[in-house]
Amino acid sequence: MEKEKKLKFYTLIKALNNSYESKQDSNSYFWGLSNSLYNIKDIFKYNLLSLNYKLYPYNGKSIIHVYNKDYDLPNFEYLNYKLKSLIIMTYRNNYKPQVNNKNNAIYNSDCGWGCTIRSGQMLLARAIYKVFQYENYKKGKKLDKAFLIKSVIYYFLDNNLVLDNKSNKKYLGMESYISKLKEYADKTYFTGKKDIYSIEPPFSIQKICIMSEIIGKTCGEWYSDFDLPKIFNYINNGFNVFPNIKIEHFNTNVDVSKIIESCFIGISKEKECDKYIIFKDKKYIFDKIGIIFISIRLGLNTISNEYFPNIKKIFNCKEFLGFIGGKPRAASYFFGYVDDDFLFLDPHYNQTSVKDLEKEGIYSYIDKTVYKLPMASLQTALTLGFLFRNIDEFIDFMKFCISSSKNSNPIFFMSNIKDLDLDRKE
C-alpha cells in the first residue's frame, strides 16, 4: 500500500512537471519531432483500408434507441440533429510527442494502440457535456451547442492550450485546473519565472499515458476498458480538474457506501433540509456530481444470449452515458441499439491532430458516421458509464440499479443497498 502511494505521488509530480510550459521554454516546445515514431502500418491500415466492422445502422424500418430515447422513421432527422452533440475521438497523428517510459520510444501518434483511450475519452466527454449543459441551465443560461462542444474538446486535445487574457472565458470550467498548475509552478520549477505560456489539457492522451504508469501502462501499449476509469479518477483528483465531480469505478459489484461517501455529506438527523436520503440511519445531503463506471465481464469467449435483454434495459436509464466495448483489441464507444445491433462511434480512423481549435474548428470531432455491431459479436468485457448531477438523478439511478440487480441474469450487483432509504422530503 505504501509503495502504491509513493508511485502515485511520483507519477503525479512527473505529470505536473509535464503539464505546463513557461514563456522562457516555449522555443523548445516541439522537441523530439525529428525522432517521432509513426506507426506506418497502422496509419496505412486505418486511413486507406476499411478493415473494421462498419455497417450503416439504420434500415428505415426499426426504432432506434439512443441513450434513453427512442426514434422512429418520422423522427430520424431530429435524431441526426441530436447526434451532432456527440463528440467523437479518433486516432490522431502529429501531436505533441510522448515518451514510452519502458523503451524510450517517442510517439506522436496513437494509431493502432489508442482505441480504448479514445473510446473512454468519448464516454467522459459525454459526461462533461451534460454537466456543462446542466450547470448553465441552473444559472438560467442556454449556451450555444457549438460552444459547448468546443468547451468540452479543450479538455481532450493532444496539444497544449495557450493561456492568455481570454483563457477563463475560452476554457469553460477549467479555472481550478489552471490554478492548480500555477500553484505548483510557483512553488517549484518556476521560482522567479512564474509566467506560464501554455498547459497540457487535463484528459489529453499524453496525460492519460503518464498517469497510467501508476498501473504499469505507457504509450504505445494497448489499454483495456478497465484501465481508463482509474486513470480518469487519478487525473481528476490529482489535478483538481472538477472539484464538484467525483469519479468512481466498480468491478461488477456497485458499493453504495462508496458513492455516498464520495458524493454526499452527512448531517444530524434533526437538521431540517429540503432534500436528503437516509443511509445507515443517518441523514445525507447531496454534495458532488457523480460519474460512475461499472466494468463487467459476461462470459469467457462470447456473451450468452440471456444477457442481451438486460443490456438493452440499461438504455432505459436516464443517467446512462453509454459504454466502452467492441471486438477483442478493437474498442469503440457504444450509445444505442437498433433491433439486435448496438450503435457505436468508431475511433479507428486516423486524423491529423488539431493544434489550434479556434482556427481549425470542431469539424473533425463531430463529422461522424454511426456504425452498428451485432450483439452476438460484442466482446465479453465492457465498461458502463452513468452520471447523476443532483439528488433526484441519484435516486433515479439507484432505483434503476436496484431493479436491474433483481432481474434474472443481472449484469451487475449492488452491495450495502439495504442500508439506503431513498425517501426524502421535498
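Note that the coordinates shown come from a computational prediction; the quantities given were computed from them, not determined experimentally.

**Q** Even after reading the chapter, I still don't get the sheet that holds strand 11 (residues 277-279), so can you show me in this structure?
**A** Either a parallel or an antiparallel arrangement is found when strands of a sheet pair, and the pairing is made through backbone hydrogen bonds. Here four strands make up an open sheet; going across it, the order is 10-12-11-21 and the pairing antiparallel. The outermost strands of the open sheet, each flanked by one partner alone, are strand 10 (264-267) and strand 21 (420-421). Here strand 10 runs beside strand 12 (residues 282-286); their pairing, made up of four bridges, is antiparallel. Across the sheet, the residue bridging to I265 is I285, located in strand 12. Sheet strands touched by helix 10 (residues 256-263): strand 10, strand 11, strand 12 and strand 21. Its angle to strand 10, the strand with the most contacts, is close to 85°. Running over the sheet, helix 14 (residues 391-405) touches strand 10, strand 11, strand 12 and strand 21 and is turned about 55° from strand 11.

**Q** How should I be thinking about the packing of aromatic side chains in this particular structure?
**A** To describe a pair of aromatic rings, one takes the distance between the centres and the angle between the planes. This model, assessed by the stated rule, comprises 27 aromatic pairs. Taking 5.1 Å as the distance between ring centres and 20° as the angle between the ring planes, the aromatic pair formed by Y155 and F242 counts as stacked. Highlighted residues: Y155 in the loop between helix 5 (145-153) and strand 6 (161-162) and F242 in the loop between helix 9 (227-238) and strand 8 (245-251), separated in sequence by 87 residues. Taken as a pair, Y155 and F242 share a single burial class, namely buried.

**Q** Just to check I follow, could you spell out helix 7 (residues 175-187) for this structure?
**A** One turn of the α-helix equals 3.6 residues, which is why residues spaced by three or four share an orientation. Taking 1.5 Å of rise per residue, 13 residues should cover 18 Å, and helix 7 covers 18 Å from first to last C-alpha, within 8% of that figure. If you check which residues of helix 7 are buried, you get S176, Y177, I178, L181, Y184 and A185.

**Q** Help me understand the pattern of salt bridges, please; the structure alone is not making it clear to me.
**A** Working definition: two side chains of opposite charge can pair if their charged atoms are close together. All told, the structure shown has 15 salt bridges when counted by the stated rule. Here K312 ties to D340 by a salt bridge, and the two come within 3.2 Å at their closest N and O atoms. Residue K312 is located in helix 11 (residues 308-313), and its partner D340 is located in the loop between strand 15 (330-338) and strand 16 (341-345); the two are separated by 28 residues in the primary sequence. Given the relative accessible area of 21%, K312 is considered partly exposed. In this structure, D396 and K318 form a salt bridge, with 3.4 Å as the shortest nitrogen-oxygen distance. Of the two residues, D396 is situated in helix 14 and K318 in the loop between helix 11 and strand 14 (320-327); the sequence distance between them amounts to 78 residues. Taking the relative accessible area as the measure of exposure, D396 reaches 31% and is therefore partly exposed.

**Q** When you look at the side chain of S212 in this model, what are you seeing that I'm missing?
**A** Within the secondary structure, S212 sits in the loop between helix 8 (205-211) and helix 9. Here C209 takes part through its backbone oxygen, which lies 2.7 Å from a polar atom of the side chain of S212. Within polar-contact distance, the side chain of S212 engages the side chain of Y223 at 2.7 Å. The residues contacting S212, other than those within four sequence positions of it, are K217, T218, Y223 and I231.

**Q** What is the right way to read the nonpolar core from this model?
**A** For soluble globular proteins, nonpolar side chains are generally found buried alongside one another. If you look at the biggest cluster of nonpolar residues, it comprises 88 residues, and the most contacted ones within it are I199, F203, F239 and F335. Broken down by element, the residue count for this core peaks at eleven residues, all from helix 4 (residues 115-138). In this structure F335 touches H65, V66, Y67, L83, L86, F315, G322, L343, F344, L345 and V370, once residues within four positions along its chain are discounted. I311, I314, I395 and F400 belong to the second-largest nonpolar core, a separate cluster that totals 46 residues.

**Q** Looking at this structure, how should I read the sheet that holds strand 1 (residues 20-22)?
**A** Read from one edge to the other, the open sheet built from three strands follows the order 1-7-6, with strand pairing classed as antiparallel. Here the strands that pair on one side only, and so sit at the sheet edges, are strand 1 and strand 6.

**Q** Is there a simple way to explain unusual backbone geometry in this structure?
**A** Leave glycine aside and you will find that most residues have negative phi; peptide bonds, for their part, are mostly trans. We note that T252 has phi near 70°; this positive angle belongs to a residue other than glycine. Relative to the helices and strands, T252 resides in the loop between strand 8 and strand 9 (253-255). In the Ramachandran plot, D339 falls in the positive-phi region, its phi being about 55° despite a non-glycine side chain. Examined against the element boundaries, D339 turns out to sit in the loop between strand 15 and strand 16. By relative accessible area, which is 39% here, D339 ends up partly exposed.

**Q** Looking at this structure, how should I read the environment of C115?
**A** Tracing the chain through its elements places C115 in helix 4. Assessed through its relative accessible area of 1%, C115 is described here as buried. What C115 contacts, discounting residues up to four positions off in sequence, is Y91, W222, R329, A330, A331, P347 and H348.

**Q** Could you clarify how one ought to interpret the environment of I277 in this entry?
**A** Within the secondary structure, I277 is located in strand 11. The spatial distance from the C-alpha of I277 to the C-alpha of I391 is 8.4 Å, given a sequence separation of 114 residues.

**Q** Is there a simple way to explain the state of the cysteines in this structure?
**A** Linking two cysteines covalently via their sulfur atoms produces the bond known as a disulfide. Applying the stated criterion across every chain yields a total of zero disulfides. C209 forms no disulfide, and the closest cysteine sulfur to it belongs to C219, at a distance of 5.3 Å. Since its relative accessible area comes to 3%, C209 is described here as buried. With no disulfide of its own, C317 lies closest to C401 among cysteine sulfurs, the gap being 6.5 Å.

**Q** Could you clarify how one ought to interpret the side chain of D341 in this entry?
**A** Take D341: it is sitting in strand 16. For D341, the side chain forms a polar contact with the side chain of K372, separated by 3.4 Å. Setting aside residues no more than four positions away along its own chain, D341 makes contact with G336, K372, L373, P374 and M375.

Cut-offs and rules
Every chain's residues receive numbers from 1 upward, in the order its sequence appears when written. Local features are withheld for residues below a pLDDT of 70 in this predicted model, meaning they are given only at 70 or higher, and side-chain atom pairs are given and counted only at 80 or more; totals for whole chains, interfaces and linings count all residues. Side-chain numbers come from the whole structure's heavy atoms, not from hydrogens or water. Paired strands, in this sense, are two strands between which DSSP finds at least two bridges. Helix and strand labels come from DSSP, where a helix needs a run of H or I of at least four residues and a strand needs a run of E of at least two; each type is numbered from the N terminus. By definition, residues are in contact when any of their heavy atoms lie within 4.5 Å. Axes, fitted as lines to C-alpha atoms, cover a helix only where it is in contact. Angles between the N-to-C directions of the axes lie from 0 to 180 degrees. The aromatic pairing rule takes the rings of Phe, Tyr and Trp, using the six-membered ring of Trp, and pairs them if the centres are within 6.5 Å, calling planes under 30 degrees apart stacked, those over 60 edge-to-face and the rest tilted. Accessibility here uses a 1.4 Å probe with only protein chains present; expressed as a share of the type maximum, an area under 20% marks a residue as buried, one over 50% as exposed, and anything in between as partly exposed. To estimate how far a helix should reach, multiply one less than its number of residues by 1.5 Å. Basic side-chain nitrogens of Lys or Arg form a salt bridge, by our definition, when they fall within 4 Å of a carboxyl oxygen of Asp or Glu. Any pair of N or O atoms that falls within 3.5 Å is considered a polar contact. Within protein, one atom must be able to donate a hydrogen and the other to accept it, and sequence-neighbouring residues count only if both atoms are side-chain atoms. In these notes, a set of buried Ala, Val, Leu, Ile, Met, Phe, Trp, Tyr and Cys residues joined through side-chain atoms within 4.5 Å is what counts as a nonpolar core. By definition, disulfides here are pairs of cysteine sulfur atoms that lie within 2.5 Å.

Such coordinate-based values are descriptive only and should not be taken to indicate function.
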